[in-house]
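So the chains spell out like this:
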Amino acid sequence: MLRAQGKVAAGAVSPLLYFQRHQIMTSEMLPAFIESSNVERKQSLSEDQEKSQKPRLCERFEQISKRQMKKLIKQKQWEEQRELRKQKRKEKRKRKQLERQCQLESNSDGNDRKRIRRDVVHSTLRLIIDCSFDSLMILKDIKKLHKQIQRCYAENRRALHPVQFYLTSHGGQLKKNMDENDKGWVNWKDIHIKPEHYSEFIKKEDLIYLTSDSPNVLKELDESKAYVIGGLVDHNHHKGLTYKQASNHGIDHAQLPLGNFVKMNSRKVLAINHVFEIILEYLETRDWQEAFFTILPQRKGAVPTDKACEGSSHDKKSARVEDGLDSDSSEEENSRNELESPHEEEKQDKENSNESTVNSVPH
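Below or above, wherever it landed, is the structure these notes cover. This one's a predicted model, so the numbers in the text were calculated from it and none came from an experiment.

The rules behind each value
Residues numbered from 1 in each chain as written. Predicted model: local features only at pLDDT ≥ 70, side-chain atom pairs only at ≥ 80, totals over all residues. Heavy atoms only, no water. Salt bridge = Lys/Arg side-chain N within 4 Å of Asp/Glu carboxyl O. Helix = DSSP H or I, 4+ residues; strand = E, 2+ residues; numbered from the N terminus. Buried < 20%, exposed > 50% of the residue type's maximum accessible area, 1.4 Å probe, protein only. Patch = residues over 30% accessible without salt bridge, like charges linked within 9 Å, V, L, I, M, F, W, Y side chains within 5 Å. Areas by Shrake-Rupley, 256 points an atom, 1.4 Å probe, with all protein chains shown as cover.

### Structural notes on the pattern of salt bridges
A side chain of one charge can pair with a side chain of the opposite charge if their charged atoms are brought near each other.
Working step 1: The full count for this structure, using the stated rule, is seven salt bridges.
Working step 2: Residue Arg-151 pairs with Glu-277 through a salt bridge whose shortest N-O separation is 3.7 Å. In this pair, Arg-151 is assigned in helix H6 (residues 139-158) and Glu-277 in helix H10 (residues 272-285), connecting sequence segments 126 residues apart.
Working step 3: For Arg-151, a relative accessible area of 42% corresponds to the partly exposed category.
Working step 4: The class for Glu-277 is buried, based on a relative accessible area of 8%.
Working step 5: Across the pair Lys-175 and Asp-179 runs a salt bridge whose closest N-O atoms are separated by 3.1 Å. Here Asp-179 and Lys-175 lie together in helix H7 (residues 172-181), a separation of four residues that amounts to about one turn.
Working step 6: The exposure class of Lys-175 is partly exposed, given its relative accessible area of 33%.

Written out as structure tokens, the structure is:
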């Protein structure tokens, strides 16, 4: 019995050896097993992600409307045609250059810009836009003021007799708006842009404030003086402000002779650029009426005062004629009434006599 057990024990593997061998096998196979399981997990995750992403992509495409699709298509076309547009711009520039050259060669009468600029005679008159009303305006009005100043600058550059242009009390909202929307203003030529008030560097006796509320009317422009235009776009909210400011500072004031030459449907208050352009036109023509009717817009309904007087006298005459006709007709009616009145009186007398006879008959 013991021998048989010894043989079995000798032929069989002991539990300790079996455990050691199994441990060795499992330790060798474990990394491969882990890698395979990780791969399987990744594959399953990628499949799940693809499945989850597909409906999201579909949802995105469904969310894009037809209008957005059209915009995307247009944007794509715009980008594709970029080179073509560049080429077209180059061709356009070349055409313009050729046209200018042809004009320069054909114009022997001196009508080209360069020859006109040679004939420019700078005026000694100083024209100031006072920008000290910045706090009284909203941003919308500040933007309008900026546009009017741009117009004044452009017209002065083109004028045959440009003035000494000053922009004073420059700062605040106006400067901020110019910095944001017109960065090129720092390169403007033939203009003096100053943050100081005009009274700090110009003598008081040289100043004349242009305001429509002034009782003084200009007859001529004195080119040794400095004329001030109020840089205020207020839609008539601050009536007489520039006049009060000028009189408080002891500065001479006057208004353009608009009423002597022009009759308007609207009020006499003009935009800043209109006043500026009228002065430039007067310096060129020396004729107020021509200056007014060249610059004033049609919406003002401007009419020469002589024609306006003729029209008013014509209206008066027509009124008199109508009054005369009315008086004649009234006289005719009165005469008719007078003619008809005797007959009526006779009828009434007869009726009265009949009544009296009836009443006198004895009963």
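The discussion continues.
### Things to note about a nonpolar patch on the surface
Working step 1: There is a patch of nonpolar side chains on the surface, built from Met-69, Leu-72 and Ile-73 and spanning about 270 Å² of accessible area.
Working step 2: Inspection of the secondary structure puts Leu-72 in helix H3 (residues 66-80).
Working step 3: A relative accessible area of 45% places Leu-72 in the partly exposed class.

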